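Fold and contact review
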Amino acid sequence: MSALTGKVQTVLGLVDPNQLGRTMTHEHLTMTFECCYFAPPPGDAAVAQNPFQMQHMHWLRQNPYSCHENLLLNQETSAVRDELLAYRKAGGSTIVENTTTGIDRDLPALRQLAKDTGVHIVAGAGFYVDCTHTEATKKMSVEKLTDIIVGEVLHGADGTDVRCGVIGEIGTSWPITESERKVLRATAHAQAQLGCPVIIHPGRNPAAPAEVLRILQEVGGDIGKTVMSHLDRTIFDEGELLEFANLGSYLEYDLFGIETLNYCFNLDVDMPSDSQRVKALAFLVDEGYEDKILVAHDIHTKDRLTKYGGHGYSHILKNIVPKMLTRGISQQQVDKILIDNPKHWLTFK
Ligand SMILES: CC(=O)NCCS(=O)(=O)O
C-alpha cells in the first residue's frame, strides 16, 4: 500500500479514478518522430519538401513518414490545445500521453495543456525503441534502468517535478534487441514495486506481442495491468488474436483514423480501415473480451490534426462510437471500452 494506491497519477497530481471519464489510452500531444523518417517513393522528393497544401494532403496521408516537417508534432502545441478543448466538448475527459524518452517527451508542455484545457493528462515513463536509445542508455544495467523508471513515477522526469502515471509506451522492435530486453525487464521490476500500469509498443510482427509478454512475465511483470498497443497493425488472423487475448493483457486498437494503403514500415501489412477495426472490436466483444479492449488514435504526425484537415483527437467519440453501436456493440460495452477499462488499468494497485 502506498500513497498512489487506488489513485490515478496525472501531470497535475493524483486524482480519484472515477474522475477520469472517457479516456483515450494512447495519444501523443507533443513529440517528434524523426527516428522513423522514411524516404519518399521514387519521384516524390519534390512534393515531400512542401506537402502542406490542399493539393498534396492526400499524398501526405499516404506517405506521412516521408516529410520531415510532418514528424514534428512538438511544433503544434497551440493547435493541440484547441483540439483538447474540442475533445472535451465531444465528451472526452482524459488522455494518456505515451511519449517516452527518445521521442522528445515535454512534461512542462503537458502540464500547461492540462491546466489550459481541463483535460486529465497522464504522462508516460521509460524508453522508446532501440534506435532512439543513447549509448549511455544501452550500457545501463537493468537495476539502473529500473531506478530511472521508478524515479520518473515517484519524483518526476526530465529534471522536472512532473510525475508519470504509466510506464510506456515502452518501445520494442522486431526482433527485440538486447537493449530493449533490458528496458522490458526494468519495466517489469518497476511495475512490481509500484503496482502501476504499463503500456507496450510491440515490433511489427504477429509474434512480437506474445514475446514481449513472455519477457515481462519471466521477471514478475503484471500482465493483467499491461496494455498491448497497435494490435491493428500487428495481429490479423482471428485465431492468433484469440490466442494472444487469452494471455490476459489489455488489447489496444489505437490507430483509428489511419487508412494508409501501403504501410511503409512493413509492406506485408495491409493497414485496416476504421470499419475493419470496428469489426475486430466486435469480434473480441463477441468472444468475451469486452473487459480488455481499449481504443485511441495514437496521433503522432501533424497531418492527423484537424488544423490540417485530419481526424483529430475526437474522431473516435464523434464517428467511431456511432459506428460501433451499429455493429453489435452495445452502449454499455462502449462505456466499458472508453471509461471502465481505462479506469481499471490506470489505477495504481
Ligand atoms: C508513436 C508510435 O510509435 N506510433 C506507432 C506507429 S506504428 O506504425 O504503428 O508502429
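Residues numbered from 1 in each chain as written. Predicted model: local features only at pLDDT ≥ 70, side-chain atom pairs only at ≥ 80, totals over all residues. Heavy atoms only, no water.

All right, on to the UniProt feature "binding site: a divalent metal cation 1" (unreviewed entry) in the chain then. The sites that UniProt annotates as "binding site: a divalent metal cation 1" (unreviewed entry) are His-26, His-28, Glu-169 and Asp-298. Their sequence span is 273 residues, while the largest C-alpha to C-alpha distance among them is just 10.8 Å; these annotated residues converge on one region. As for its placement among the helices and strands, His-26 is situated in strand S3 (residues 22–27). With residues up to four places along the chain from it excluded, the contact list for His-26 reads Val-96, Asn-98, Glu-169, Ile-199, Ser-229, His-230, Glu-252, Asp-254, Ala-296, His-297 and Asp-298. (UniProt positions renumbered as here; feature names shortened; annotations may be inferred. Helix = DSSP H or I, 4+ residues; strand = E, 2+ residues; numbered from the N terminus. Contact = heavy atoms within 4.5 Å.)

In the numbering used here, UniProt assigns the feature "binding site: a divalent metal cation 2" (unreviewed entry) to Glu-169, His-201 and His-230. Their sequence span is 62 residues, while the largest C-alpha to C-alpha distance among them is just 10.8 Å; these annotated residues converge on one region. By the element assignment, His-201 lies in strand S7 (residues 198–201). By relative accessible area, which is 4% here, His-201 ends up buried. When neighbours within four sequence positions are excluded, His-201 is seen to be in contact with Tyr-128, Val-129, Glu-169, Ile-170, Gly-171, Thr-172, His-230 and Arg-233. At a separation of 3.0 Å, a polar atom in the side chain of His-201 contacts the side chain of Glu-169. As for its placement among the helices and strands, His-230 is situated in the loop between strand S8 (226–228) and helix H9 (238–245). Residue His-230 is classed as buried on the basis of its relative accessible area of 2%. (Buried < 20%, exposed > 50% of the residue type's maximum accessible area, 1.4 Å probe, protein only. Polar contact = N/O pair within 3.5 Å; in protein donor to acceptor, adjacent residues only side chain to side chain.)

The omega torsion across Gly-168 and Glu-169 is 15 degrees, close enough to zero to call that bond cis. The linkage connecting Trp-174 with the following residue, Pro-175, adopts the cis geometry, with an omega of -5 degrees. You can see Pro-175 is positioned in the loop between strand S6 (166–171) and helix H7 (178–194). Here the phi dihedral of His-230 falls at roughly 55 degrees; this positive angle occurs in a residue that is not glycine. The phi angle at Asp-298 is positive, at roughly 50 degrees, despite the residue not being glycine. Inspection of the secondary structure puts Asp-298 in the loop between strand S10 (293–295) and helix H11 (315–325). A relative accessible area of 5% places Asp-298 in the buried class.

This part takes up H11. Count 3.6 residues to each turn of an α-helix, and residues three or four apart come out pointing the same way. Looking only at H11, the buried set comprises His-315, Ile-316, Leu-317, Ile-320, Val-321 and Met-324. Along the axis of H11, the buried residues cluster in a sector spanning 145 degrees; they form a single face. Buried residues in H11 make contact with S3, helix H3 (77–89), strand S4 (92–97), helix H10 (274–286), S10 and helix H12 (331–346). (Arc of directions from axis to C-beta.)

Next up on the list: the sheet that holds strand S5 (residues 120–125). With parallel pairing, the eight strands of this open sheet are ordered in space as S3-S4-S5-S6-S7-S8-S9-S10. Looking at the sheet topology across the chains shown, the edges are occupied by S3 and S10. Taking the axes of each pair of neighbouring strands and ignoring which way they run, one obtains an average angle of 25 degrees across the sheet. Note: S7 against S8, three bridges, orientation parallel. Its bridge partner being in S8, Val-198 is matched across the sheet by Thr-226. Sheet contacts for helix H4 (residues 107–117): S4 and S5; angle to S5, the most-contacted strand, approximately 165 degrees. (Pairing = 2+ DSSP bridges. Axes fitted to C-alpha atoms, helices over the stretch in contact; angles between N-to-C directions.)

Okay, the environment of Pro-209 next. Looking at the secondary structure, you find Pro-209 in helix H8 (residues 208–218). With 20 residues separating them in the primary sequence, Pro-209 and Ser-229 have C-alpha atoms 8.7 Å apart. Excluding its chain neighbours within four sequence positions, the residues that come into contact with Pro-209 are Pro-202, Met-228, Leu-231, Thr-234, Ile-235 and Phe-244.

Counted under the stated rule, the structure contains six aromatic pairs. Each ring, one from Tyr-263 and one from Phe-265, has its centre 5.7 Å from the other, and the planes form 85 degrees; the classification is edge-to-face. Residue class for Tyr-263 comes out buried when judged on its relative accessible area of 7%. A connected cluster of aromatic rings, assembled from ring pairs, spans Phe-33, Phe-38, Tyr-65, Tyr-128, Tyr-263 and Phe-265. Lys-292 extends its terminal NZ or CZ atom over the ring of Tyr-250, reaching a point 4.6 Å from the ring centre. (Phe/Tyr/Trp six-rings, centres within 6.5 Å; stacked < 30°, edge-to-face > 60°. Lys NZ or Arg CZ within 6 Å of the ring centre and 35° of its normal.)

If you walk through the whole model with that rule in mind, you get zero disulfides. Cysteine Cys-131 remains unbridged, with the sulfur of Cys-35 as its closest cysteine sulfur at 4.9 Å. (Disulfide = S-S within 2.5 Å.)

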